[in-house]
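Residues per chain are reported as follows:
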Amino acid sequence: MPSWTPSPPPRSISSLPTRLTNLQLNQELYRPKPTRVAGVDDEWDQFDSFQANDEIFPTLAGACLRVLKPGGAIWVIGTYHNIFRLGAIMQDLGCWFLNDVVWIKI
């Protein structure tokens, strides 16, 4: 974790929201509506490849699991390009998915 990030005590959080890196686009992409999707351009939200991004996920998941109470919940904010990749990693770490929330912007 970055040095400015507070580190809660182990097993101290019941519900933990987290956000994954966002969608980077090299071309125009439109929703079914059709409205244009705005990809990210913030430096902190960039990654070189999906493999490089995947290498971040176990560290993120491990940090979340360290502070999560038994039976706690992790709420992950992501999109189609990353949520399933994280799902596989979380299952490899022994986590189980109970629910998912999906919405479509209209």
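From a predicted model like this one, the values you see are computed outputs, not experimental measurements.

A separate point is the overall build of the protein. Summing up its helical and strand segments, the protein has two helices and two strands in all. When its helices and strands are written in sequence order, the protein yields β-α-β-α. Evaluated residue by residue, the protein yields a buried proportion of 22% over its 106 residues. Look at the contacts in the protein between residues 6 or more apart in sequence, and 71% of them connect residues 24 or more apart. Per element, the accessible surface of the protein, about 8200 Å² overall, is 59% carbon and sulfur.

Bringing the packing of helix α1 (residues 50-67) against helix α2 (residues 83-92) into the picture now. What describes two packed helices is the angle between their axes and the distance between those same axes. Two elements in contact, α1 and α2, have axes whose closest approach is 10 Å; the angle formed by their N-to-C orientations is 45 degrees. Relative to α2, α1 is oriented oblique. Classified by chirality, the crossing of α2 by α1 is right-handed. Facing α1, whose interface residues are Phe 50, Gln 51, Asp 54, Phe 57, Pro 58 and Ala 61, α2 presents Arg 85, Leu 86, Ile 89 and Met 90. Residue classes in the contact of α1 with α2 are distributed as seven nonpolar, one polar and two charged.

Another point: the confidence of the model for the protein. Should pLDDT be low for a region, the predicted coordinates there are not to be read in detail. Taken over all residues, the pLDDT of the protein has a mean of 79, while the share at 70 or more is 85%. Element-level pLDDT for the protein is lowest in α2, with a mean of 83, against a maximum mean of 88 in strand β2 (residues 68-77).

A word on the environment of Arg 85. By the secondary structure assignment, Arg 85 is in helix α2. With relative accessibility at 31%, the residue Arg 85 sits in the partly exposed group. Between the alpha carbons of Arg 85 and Phe 50 there is a distance of 9.1 Å; along the sequence they are 35 residues apart. A distance of 2.8 Å separates polar atoms of two side chains, one belonging to Arg 85 and the other to Asp 54.

Below, the discussion takes up the pattern of salt bridges. Using the criterion set out here, one finds two salt bridges in the structure. A salt bridge links Arg 36 to Glu 28; the nearest nitrogen and oxygen atoms lie 3.7 Å apart. By relative accessible area, which is 47% here, Arg 36 ends up partly exposed. For Asp 54, the salt bridge identified is with Arg 85, shortest N-O distance 2.8 Å. Of this pair, Asp 54 sits in helix α1 while Arg 85 sits in helix α2, and the two are 31 residues apart along the sequence.

If you look at soluble globular proteins, the nonpolar side chains tend to sit buried side by side. The biggest cluster of nonpolar side chains holds seven residues, and these are Leu 20, Phe 57, Ala 61, Leu 86, Ile 89, Met 90 and Cys 95. Elements represented by at least two residues in this core include exactly α1 and α2.

Below, the discussion takes up unusual backbone geometry. Positive phi, close to 50 degrees, is recorded for Arg 11, a residue that is not glycine. Relative to the helices and strands, Arg 11 resides in the segment before β1 (13-19).

Another point: α2. Those residues of α2 that sit buried are Leu 86, Gly 87, Ile 89 and Met 90. Where α2 is buried, its residues meet α1 and β2. Directly beyond the C-terminal end of α2, a positive phi value near 95 degrees is found at Gly 94.

Rules behind the numbers
Residues numbered from 1 in each chain as written. Predicted model: local features only at pLDDT ≥ 70, side-chain atom pairs only at ≥ 80, totals over all residues. Heavy atoms only, no water. Helix = DSSP H or I, 4+ residues; strand = E, 2+ residues; numbered from the N terminus. Buried < 20%, exposed > 50% of the residue type's maximum accessible area, 1.4 Å probe, protein only. Contact = heavy atoms within 4.5 Å. Areas by Shrake-Rupley, 256 points an atom, 1.4 Å probe, with all protein chains shown as cover. Axes fitted to C-alpha atoms, helices over the stretch in contact; angles between N-to-C directions. Parallel < 35°, antiparallel > 145°, perpendicular 65-115°, else oblique. Left-handed = near helix turned anticlockwise from the far one by under 90°. Nonpolar A, V, L, I, M, F, W, Y, C, P; charged D, E, K, R; others polar. pLDDT = per-residue confidence, 0-100. Polar contact = N/O pair within 3.5 Å; in protein donor to acceptor, adjacent residues only side chain to side chain. Salt bridge = Lys/Arg side-chain N within 4 Å of Asp/Glu carboxyl O. Core = buried A, V, L, I, M, F, W, Y, C linked by side-chain atoms within 4.5 Å.

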